[in-house]
Amino acid sequence: MKLLTLNCHSWQEENQLEKIKYLAEVIKERDYDVIALQEVSQLIKEAKEFKNIKKDNFALLLIKELKKIGVNNYSFTWDYSHVGYDIYEEGLCLLTKCNIIEEDSFFISKGEDLNFWKTRKIVKLKVNYKNTPISLYSCHLGWWKDEEEPFKYQVDKLLETLDNDEISILMGDFNNSATIKGEGYDYIIEKGLYDTYYLAETKDKGITVKGKIAGWEKNSEDLRLDMIFSNKPLKVNYSNVIFNGEKKEIISDHFGVEVELDL
């Protein structure tokens, strides 16, 4: 099973439409089974296409680009967690080629005010992969030292939803550097999740953010913020950073992470 996670930084990028086209081309080439996207936005004032999806929804445009290049086998689910930059509904998305059994979205933040930029939701799909039910989560969490919306609270709420009789895979921007000891990353590991980066037989440096970005304005270090966790010690063939200028062009302020699971 091939997975990709990417914080898209959508509609904050120059040449955004060209970057959507490029992302579609790479998805076709890499043939992912599941794609988790964060910061997937649409204008509040835009007209609806269907359900809660508006005509400029980043994921919808990505699906349309995929269809233009002959890729018609992805379904997606999207929901928004808060208003971003005053004009966007910013949310999360999962795309998959797998048969969808269930879909859900739910709050993990203390507050549920969609107008507050720290409000957090999770988008979840349960899929059937080779006759195995697997729960997939697209995650965008807060910061360790945030007193208004504590990271610990969000992780605890998230982990309450896991069924440990089945495989759960949590993908996304966890806003906590894996290299900072005693903070969010260590808390996730202490709660029993497995980092696919360390399970992988082959891996690179894992860095997904370089320098200052939104939310990390004082940062001057290389960070591993974007990760893929599992509730089981799965066999992982590889974990690679992508869209970092070395492996594929940069298309966001975050780089992506791709892993291949041997299930």
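Residues numbered from 1 in each chain as written. Predicted model: local features only at pLDDT ≥ 70, side-chain atom pairs only at ≥ 80, totals over all residues. Heavy atoms only, no water.

## Observations concerning helix H1 (residues 16-30)
Along an α-helix, a turn takes 3.6 residues, which lines up residues three or four apart on a common side.
Here comes step 1: With 15 residues, H1 ought to run about 21 Å at 1.5 Å a step, and its terminal C-alpha atoms sit 21 Å apart, in line with that.
Here comes step 2: Turning to H1, its buried residues number three or more, namely Gln16, Lys19, Ile20, Tyr22, Leu23, Ala24, Val26, Ile27 and Arg30.
Here comes step 3: Where the residues of H1 are buried, they touch strand E1 (2-7), strand E2 (34-43), helix H2 (58-68), strand E16 (235-242) and strand E17 (256-262).
Here comes step 4: Of the residues flanking the end of H1, it is Asp31, one or two places downstream, whose phi is positive at about 55°. (Helix = DSSP H or I, 4+ residues; strand = E, 2+ residues; numbered from the N terminus. Expected span 1.5 Å × (residues − 1). Buried < 20%, exposed > 50% of the residue type's maximum accessible area, 1.4 Å probe, protein only. Contact = heavy atoms within 4.5 Å.)

## A look at the pairing of E1
Here comes step 1: In terms of residue burial, E1 counts as a mostly covered element, since six of its six residues are buried.
Here comes step 2: Here four bridges tie E1 to E17, and the two strands are oriented antiparallel to one another. Residue pairing for E17: Thr5 is matched across the bridge by Val257.
Here comes step 3: Pairing analysis gives five bridges linking E1 to E2, with the strands arranged parallel. When the sheet's bridge partners are listed, Thr5 is paired in E2 with Ala36.
Here comes step 4: Taken together, E1, H1 and E2 form a β-α-β motif whose crossover is right-handed. (Pairing = 2+ DSSP bridges. Right-handed = clockwise from strand over helix to strand, strands pointing away.)

## Some thoughts on the sheet that holds E1
Here comes step 1: Within the open sheet, the seven strands sit side by side as E5-E6-E2-E1-E17-E16-E12. Their pairing is mixed. At either end of the open sheet lies a strand with only one pairing partner, and these are strand E5 (75-84) and strand E12 (200-203). Averaged over all neighbouring strand pairs, the angle between strand axes comes to 20°, with direction disregarded.
Here comes step 2: The strands touched by H1 within the sheet are E1, E2, E16 and E17, with E1 carrying the most contacts at an inclination of about 165°.
Here comes step 3: Docked against the sheet, H2 engages E2, E5 and strand E6 (88-96), running at close to 120° with respect to E2. (Axes fitted to C-alpha atoms, helices over the stretch in contact; angles between N-to-C directions.)

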